[in-house]
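Below are the chains, spelled out letter by letter.
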Amino acid sequence: SMITKKTNTIGLVIPDIRNPFFPELVRGVEDVANNAQYTVFLCNTDSSHRKETDYLTIMKEKNVDGIIFSGPQETQSKEFYQTVQEYEIPVVLLDRGQENRDFGGVYIDNEKAGYLATKHLLELSHRKIGCITGPANIPNSNERFKGYTKALSEFQVPIDDSIIITGNYLMEGGYQAAKTLLKEKDVTAIFAFNDLMAFGVYQAAVELGINIPNDLSVVGFDNLTYNQLLIPKLTTIEQSAYKMGEIAATMLFDQINNKNISKEQVFMEPKLIINGSTKEFS
Ligand code: RIB
């Protein structure tokens, strides 16, 4: 039997509780769970494979009725699939893990988002567009990168590896990468694959006396609430983290209540939010 004893609890695994993107996501899940009279066990993994595995085991021991999992490491492994299958527990992947088609999940269309962000800069006549990616092992970053290269090739701009830097989705990583891009390369624009790294770009620009948007255009990704505080406000991609959480929770409860395992993958439409950090290059 799939579930023997209901506990009215679900597990929610996220990679980085300090990134303001994830609390939004958590709220979306929690609101739906709370309405359904469920309690959420929240686990933070720091993207550590060991923590992901351990939490999976603990949640099983606690007999949670389902798990929402925001990878990245474990969802890419065969072991994850096997473990979850053995547990016979409903799972929905969220935000990270889109390459794993064995489970239902909720994601933004990351490739399209990367494309829209880059195309916006190209349309503003930028040609030297530095790129700060997420960690190499996170598929949503690779998808965003596909979008970046697709837009460049559409505008016949050659891909320049020397202005592509692997970041880490943290502010400090954005700061370090921007320092390199701004000191050693003459980029006129930077596309950072999340807003936290874009914040780091702002910090580097301030230190180097580079004006955004007059000397440098910046595009981020996530549309965090804190963008409102930046001067100028950041042009970015809207991800609707709260809504993604709501949808994932609704999908999970559907599996729990109807005892039907679904592998449906939902891809949300990305939206480019144009603010003051991007300007025509002249
Ligand atoms: O800011 C964190 C990033 O990692 C987001 O863009 C989100 O998609 C997550 O995977």
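Rules used throughout
Residues numbered from 1 in each chain as written. Predicted model: local features only at pLDDT ≥ 70, side-chain atom pairs only at ≥ 80, totals over all residues. Heavy atoms only, no water. Domains from an automatic or database assignment. Contact = heavy atoms within 4.5 Å. Buried area = accessible area lost by both parts, 1.4 Å probe. Polar contact = N/O pair within 3.5 Å; in protein donor to acceptor, adjacent residues only side chain to side chain. Nonpolar A, V, L, I, M, F, W, Y, C, P; charged D, E, K, R; others polar. Salt bridge = Lys/Arg side-chain N within 4 Å of Asp/Glu carboxyl O. Buried < 20%, exposed > 50% of the residue type's maximum accessible area, 1.4 Å probe, protein only. Helix = DSSP H or I, 4+ residues; strand = E, 2+ residues; numbered from the N terminus. Near = heavy atom within 4 Å. Areas by Shrake-Rupley, 256 points an atom, 1.4 Å probe, with all protein chains shown as cover. Pairing = 2+ DSSP bridges. Axes fitted to C-alpha atoms, helices over the stretch in contact; angles between N-to-C directions. Core = buried A, V, L, I, M, F, W, Y, C linked by side-chain atoms within 4.5 Å. Parallel < 35°, antiparallel > 145°, perpendicular 65-115°, else oblique.

So, the domain arrangement of the chain
No. 1: In terms of domains, the chain is made up of domain 1 (9-108 + 240-268) and domain 2 (110-238).
No. 2: For domain 1 and domain 2, the distance between their C-alpha centroids amounts to 29 Å.
No. 3: On the domain 2 side, the residues contacting the 14 residues of domain 1 number 18 residues.
No. 4: For the pair domain 1 and domain 2, the summed buried area comes to about 1,300 Å², and 51% of that belongs to carbon and sulfur atoms.
No. 5: The interface formed by domain 1 and domain 2 contains four residue pairs in polar contact (both at pLDDT 80 or more).
No. 6: Tallied by class, the residues present in the side of domain 1 that touches domain 2 amount to four nonpolar, five polar and five charged.

Here we look at the pattern of salt bridges
No. 1: Enumeration over the complete set of coordinates arrives at eleven salt bridges.
No. 2: Between lysine 51 and aspartate 46 there is a salt bridge, and its shortest N-O distance comes to 3.0 Å.
No. 3: Given a relative accessible area of 46%, aspartate 46 falls into the partly exposed group.
No. 4: The shortest N-O distance in the salt bridge between glutamate 269 and lysine 112 comes to 2.8 Å. In this pair, glutamate 269 is assigned in the loop between strand S11 (265-268) and strand S12 (271-273) and lysine 112 in helix H4 (residues 110-123), connecting sequence segments 157 residues apart.
No. 5: The class for lysine 112 is partly exposed, based on a relative accessible area of 32%.

Description of the environment of alanine 249
No. 1: Mapped onto the secondary structure, alanine 249 falls in helix H8 (residues 241-258).
No. 2: Assessed through its relative accessible area of 0%, alanine 249 is described here as buried.
No. 3: Separated by 158 residues in sequence, alanine 249 and valine 91 place their C-alpha atoms 10.0 Å apart.
No. 4: Ignoring anything within four residues of it in the chain, the contact list for alanine 249 reads Val29, Val32 and Ile68.

Overview of the site of the ligand
No. 1: What surrounds the ligand is the set Asn19, Phe21, Phe22, Asp95, Arg96, Asn140, Arg144, Tyr169, Asn194, Asp222 and Gln239.
No. 2: Take arginine 96: an N or O atom from its side chain is 2.7 Å from an oxygen atom of the ligand.
No. 3: Here an oxygen atom of the ligand sits 2.8 Å away from a polar atom, N or O, in the side chain of asparagine 194.
No. 4: Compared with its free state, where it exposes 270 Å², the ligand has 100% of that area covered by protein.
No. 5: For the shell around the ligand, the secondary-structure elements that each account for two or more residues are helix H1 (21-35) and helix H5 (139-154).
No. 6: Residues that form the shell around the ligand fall into these classes: three nonpolar, four polar and four charged.

Details of the sheet that holds strand S7 (residues 164-166)
No. 1: Pairing is parallel across the open sheet formed by four strands, whose spatial order is S7-S6-S8-S9. In this open sheet, the two strands that pair with only one neighbour each are S7 and strand S9 (217-219). Each adjacent strand pair in this sheet contributes to an overall mean axis angle of 15°, direction not counted.
No. 2: Sheet topology places strand S6 (residues 129-133) next to strand S8 (residues 189-192); four bridges connect them, and they run parallel. In the strand pairing of S8, isoleucine 129 is matched with alanine 189.
No. 3: Along the sheet face, H5 touches S6, S7 and S8 and points at about 165° away from the line of S6.

Quick look at the nonpolar core
No. 1: Counting 72 residues, the largest nonpolar core has Ile10, Ile68, Ile190 and Phe191 as its most contacted members.
No. 2: Of the domains in this structure, domain 1 (9-108 + 240-268) and domain 2 (110-238) are the two that each give at least three residues to this core.
No. 3: In contact with isoleucine 190, not counting residues within four places along its chain, are Leu121, Gly130, Ile132, Ala178, Leu181, Leu182, Val201, Leu216, Ser217, Val218 and Val219.
No. 4: Counting 15 residues, the second largest nonpolar core, distinct from the first, contains Val64, Ile67, Val84 and Tyr107.

A few points about the sheet that holds strand S5 (residues 104-108)
As a general point, the strands of a sheet are linked pairwise by backbone hydrogen bonds and lie either parallel or antiparallel.
No. 1: Read across the open sheet, the six strands follow the order S2-S1-S3-S4-S5-S11; overall the sheet is parallel. Of all strands in the sheet, those bounded by a partner on one side alone are strand S2 (39-44) and S11. On average, each strand axis in the sheet is inclined to that of its neighbour by 15°, with strand direction left out of account.
No. 2: The pairing of S5 with S11 spans four bridges and is classified as parallel. Paired with tyrosine 107 across the two strands is phenylalanine 267, which belongs to S11.
No. 3: Taken strand by strand, H8 contacts strand S1 (9-14), strand S3 (66-69), strand S4 (91-94), S5 and S11, and its axis lies near 165° from that of S4.

Some words on the packing of helix H2 (residues 49-61) against helix H3 (residues 78-87)
No. 1: Where H2 meets H3, the closest approach of the two axes is 11 Å, and the angle between their N-to-C directions is 0°. By the criterion of interaxial angle, the relationship of H2 to H3 is roughly parallel. From H2, Leu56, Thr57 and Lys60 reach across to H3, where they touch Phe80, Thr83, Val84 and Tyr87.

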